Structures are given as structure tokens and as C-alpha cells.
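Understanding the architecture of this molecule
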There are 2 protein chains.
Amino acid sequence: MKIAVLGAGNVGSALAARLTELGHHVTLAASDPGSPRLAAAAAASGADTGAPDEAAAAADLAVIAVPYSAIDDLLTGEVRDALAGKIVIDATNPLAPDFMSLTVGHTSSAGEQIAARLPRSRVVKAFNTVFAATLGTPVLAGTAQLLPVAGDDRDAKKAVIDLGDQLGFDAVDAGPLTNARYLEPAVELLIQLAYGQGLGANIGLHLARG
Amino acid sequence: MKIAVLGAGNVGSALAARLTELGHHVTLAASDPGSPRLAAAAAASGADTGAPDEAAAAADLAVIAVPYSAIDDLLTGEVRDALAGKIVIDATNPLAPDFMSLTVGHTSSAGEQIAARLPRSRVVKAFNTVFAATLGTPVLAGTAQLLPVAGDDRDAKKAVIDLGDQLGFDAVDAGPLTNARYLEPAVELLIQLAYGQGLGANIGLHLARG
């Protein structure tokens, strides 16, 4: 699959590396296509690099992996046009500047806010519940990490669940996109355990089926 | 320990049974001390029965296990007086009538709302993230279920973590009581998977440490 990963931070870099390993054609994009960080992430992962609108135009599927606070800078008119009709995975979390609370919740979610900005795309919430540190190690403590996938387009959601399974996660249909309201706080719980309580970032959630 | 379990529904009955097994002296309480449901739960668990204010007055620790919508009926002046100075575990979730969303979140939580009603008690949020169906089987799929414990009183929280570990859970300090804002949506995610997506109630969360 041709995949655009929009954002070359910890999440985008880790996803690009795994997706490239699996044989996907990945283009890593950042607002500044000449940034050293983007070049380093691309070199480490074997991904191509590009500008967000070009990467989005060429892709079958795009992943939004910028900080949630940067989505309005990312989703220019050109990028929104390029993403029309496509599957867009929203991997963001609406974290406060200190990461220790959420800026959106309960009556909305980052996923819904992004879908409102991309009414012509098929937005699926996924990969936001997994720490960047463990995106490359989907199996933690002997069991695949839970990857809840929420969205309103059945085919798009199915494609993302399949991609999650291919990556090695326990990808599970988590219902409509409004359920991003529960996926995003679940990450904040993990953040509180990792950083607030000192467990560190090498943790993740499993779904146990008794 | 002398434990009052306030509420004889699925959660209260399951907790009373486990706590009694472990040798605690449990009093199950319901607003109607003569209710057949309470009698049946007590008979099944070996717990005593009583009225909420009497059970609370006699207890070292109390668990609130009524529906969140019933807390104002439960927390009468007599019960609030009886709970003064005591450890109170809030096991509730602010579920909408159809269970498929939360009535409180993001800027507050059931935990904080209950603590506001019990300013003289030491309120700890715990046991709300575990389905009643699996409260009696803390080890699911070979691993202890995660039991996040949030609260502002260090000694009270430590006592609840110890109790959770004694019950067989992976009890983890989840920070201040405000983090109930993340514990409660985590349950709603489980509910969506169990009932919205048909996985059933015999599921739970593990915390994987990589």
C-alpha cells in the first residue's frame, strides 16, 4: 500500500519504520520537507520524504501523526483536497502542553474534531493508544497490545484493523468515531502511569478475554 | 478488615463474595435492608446485611457500589456522618441509562463528584475498571487484570492498592483522584467492546510492561 505518514516525530518515525519493513511504500512528510529531523527519520526507516500535500496526493492511506495542537497548520486546503476520498488514520491525542491532561473530551474528541476538518475523507481513530516507544514492539510481555480502532466508514475501518493485525497488534473494532472519546482518555491513563507514576513508556494495554 | 459494601447489585455482590473468602468481615448494605436481592447476595457470599448508615458506622472501609445515578439517595446525612474519616472506595461509573456513554467527564468525574459529597472521608477511585463478571476472576487469560487506583490520601490509596493485590489484581497507583477522569472512560471503552461490539463481559485490561 502507498502510505503517507504526516509527521516525523516519535510516532510518525516509528510507524514509518514498521510499515516500510512490512513492504509498504511509505512517504514521511513534514511541514518543512528540508528539516534534518525528517531526513534522519526517513534514513532510519527507509521511507521517502515529501511535503504533506504531495505525500497525501500519492497515497492510498494517510496517517496523521503530528501533535494535535498542530492539525490546523497541517490540514491546509491543499492537504484537505489531497486527502479527499482517502482513508485517514488519526493517531493524535489532544494532550495539554505538559501531557498530563486532555484539551478535548467527553462531548468531543480529537478524532471528531479532525473528521470535522476532513468531511470528504474516511477518518479512522487508531494507533493513538500505543506509546511511540512500543509501536515497534507490538508484542509486550508475551501478548499483542490492544489496538482499538474506531470509525464510521466500515470499509476504511476494516482496512485499518487489517493493517493493525499485519503490524502485530491485537486490532479490535471499537465502534463509531465518537468512541474516540474513550480511546483518548485511555492513553491519558497510560501517560499518568508512565510519567506521573514513574512506570516509564515501555508499557501498553492488553485486552484479556477470559 | 471490617468492610461495608454499599450496594448489592452485580458489583457489590461479587466484591462481597471475594472479600468474605479472604477473611474480611463484610456487611452488604442496601437502601432497603429487607430486599430479597440483598438477602440472596448475602447468602451467596456469607456477608452480613444491614442498612447503609449502620454498615458504614461499623466499617473500617466502605465501598460505594450503587449505580452512580443513585449516589444522592445513598449518601444521606447519616451515611455521610458514618463515613467521616474513613476510607471510601468509589467503584461507580457515571453511565448513561443505556450504558453506552458517560454522563460526567473531562472536567469532572464520578470520583470527584462523590468526593465533593464526602469531604470528611478519604475517597479512593478503584474497582470501577473491572467488570462485575470478572471481579471474581482477577486473573484473566493467565495475567492479573489491571486495577488502577486513584486518590489524594496517600495512606488510604496504599490500603486500597494492598487490598487489590490481596484480591489478586495488578493494583497500580494511578495518581490523584482527578485521574478518575481517565479511569472512567477506560471502562466505557471496555463496555463498547463488550456490548457494542459483542465481545461479551468476560474481558478485562492488562497492563503490559515491556
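Residues numbered from 1 in each chain as written. Chains lettered and ligands numbered in written order. Predicted model: local features only at pLDDT ≥ 70, side-chain atom pairs only at ≥ 80, totals over all residues. Heavy atoms only, no water.

Under an unreviewed UniProt entry, the name given to chain A is Pyrroline-5-carboxylate reductase catalytic N-terminal domain-containing protein, and the source organism is Actinoplanes teichomyceticus.

For the rest of this paragraph, the subject is helix α6 (residues 110-117) of chain A. All of the buried residues along α6(A) are A:Ala110, A:Gly111, A:Glu112 and A:Ile114. On its buried face, α6(A) is in contact with β4 (61-64), α4 (71-74), β5 (87-90), β6 (122-125) and α9 (180-196) of chain A. (Buried < 20%, exposed > 50% of the residue type's maximum accessible area, 1.4 Å probe, protein only. Helix = DSSP H or I, 4+ residues; strand = E, 2+ residues; numbered from the N terminus. Contact = heavy atoms within 4.5 Å.)

Next up on the list: empty space enclosed by the protein. Enumeration according to the criterion identifies 3 cavities of 30 Å³ or more in this entry. By volume, the largest cavity amounts to about 80 Å³. Considering the residues around the largest cavity, the lining is formed by A:Leu102, A:Gly105, A:His106, A:Arg181, A:Tyr182, A:Pro185, B:Leu102, B:Gly105, B:His106, B:Arg181, B:Tyr182 and B:Pro185. Of all the secondary-structure elements, those providing two or more residues to the lining of the largest cavity are α9 of chain A together with α9 (180-196) of chain B. (1 Å grid on protein atoms, 1.4 Å probe; cavity = no way out; pocket = protein on both sides within 12 Å on 5 of 7 lines; lining within 4 Å. Points joined across faces, edges and corners; volume = space filled by probe spheres on them.)

Interhelical geometry of α9(A) versus α9(B) gives an angle of 130 degrees and a closest axis separation of 8 Å. Relative to α9(B), the element α9(A) is oriented oblique. At the point where α9(A) passes α9(B), the crossing takes the left-handed sense. Residues A:Arg181, A:Tyr182, A:Leu183, A:Pro185, A:Ala186, A:Glu188, A:Leu189 and A:Gln192 of α9(A) form the contact with α9(B), whose own contacting residues are B:Arg181, B:Tyr182, B:Leu183, B:Pro185, B:Ala186, B:Glu188, B:Leu189 and B:Gln192. Residue composition of the contact of α9(A) with α9(B), grouped by class: 10 nonpolar, 2 polar and 4 charged. (Axes fitted to C-alpha atoms, helices over the stretch in contact; angles between N-to-C directions. Parallel < 35°, antiparallel > 145°, perpendicular 65-115°, else oblique. Left-handed = near helix turned anticlockwise from the far one by under 90°. Nonpolar A, V, L, I, M, F, W, Y, C, P; charged D, E, K, R; others polar.)

Now for helix α1 (residues 10-21) of chain B. All names here are of chain B. For α1, with 12 residues, the first-to-last C-alpha span of 17 Å sits near the 16 Å given by 1.5 Å per residue. Those residues of α1 that sit buried are Gly12, Ala14, Leu15, Ala16, Arg18 and Leu19. Where α1 is buried, its residues contact β1 (2-6), β2 (25-29), α2 (36-45), β4 (61-64), α7 (132-135) and α8 (154-167). Where α1 terminates, the next one or two residues include Gly23, which has phi positive at roughly 100 degrees. (Expected span 1.5 Å × (residues − 1).)

This paragraph deals with the pairing of β1(B). Residues and elements named next belong to chain B. With 4 of 5 residues buried, β1 lies mostly within the body of the structure. Alignment of β1 against β4, held across 4 bridges, turns out to be parallel. What sits directly across from Val5, in β4, is Val63. (Pairing = 2+ DSSP bridges.)

As annotated by UniProt and renumbered to match this structure, "domain: Pyrroline-5-carboxylate reductase catalytic N-terminal" (unreviewed entry) occupies residues 2-94 of chain A. What you have in residues 2-94 of chain A is 42% helix and 23% strand, and the ends, taken at the C-alpha atoms, are 27 Å apart. (UniProt positions renumbered as here; feature names shortened; annotations may be inferred.)

Relative to the assigned elements, A:Asn179 resides in the loop between β10 (170-173) and α9. The class for A:Asn179 is buried, based on a relative accessible area of 4%. Those residues in contact with A:Asn179 that sit more than four places away from it in its chain are A:Ala150, A:Ala174 and B:Gln192.

Moving on, we get to the pairing of strand β9 (residues 146-151) of chain B. Residues and elements named next belong to chain B. Taking burial as the measure, the 6 residues of β9 include 6 buried ones, the bulk of the element. What you see with β9 is no split at all: Leu146, Pro148 and Ala150 on one side and Leu147, Val149 and Gly151 on the other are buried throughout. The sheet contact formed by strand β6 (residues 122-125) and β9 spans 2 bridges and is antiparallel. What sits directly across from Lys125, in β9, is Ala150. Crossover handedness for the path β9 to α8 to strand β10 (residues 170-173): right-handed. (Right-handed = clockwise from strand over helix to strand, strands pointing away.)

On to the environment of B:Glu184. Residue and element names in this part refer to chain B. Summarising the element assignment, Glu184 is placed in helix α9. Taking the relative accessible area as the measure of exposure, Glu184 reaches 2% and is therefore buried. Apart from the residues within four sequence positions on either side, Glu184 is in contact with Asp90, Asn93, Pro94, Leu102, Ser109, Ala110, Gly111, Lys125 and Asn128.

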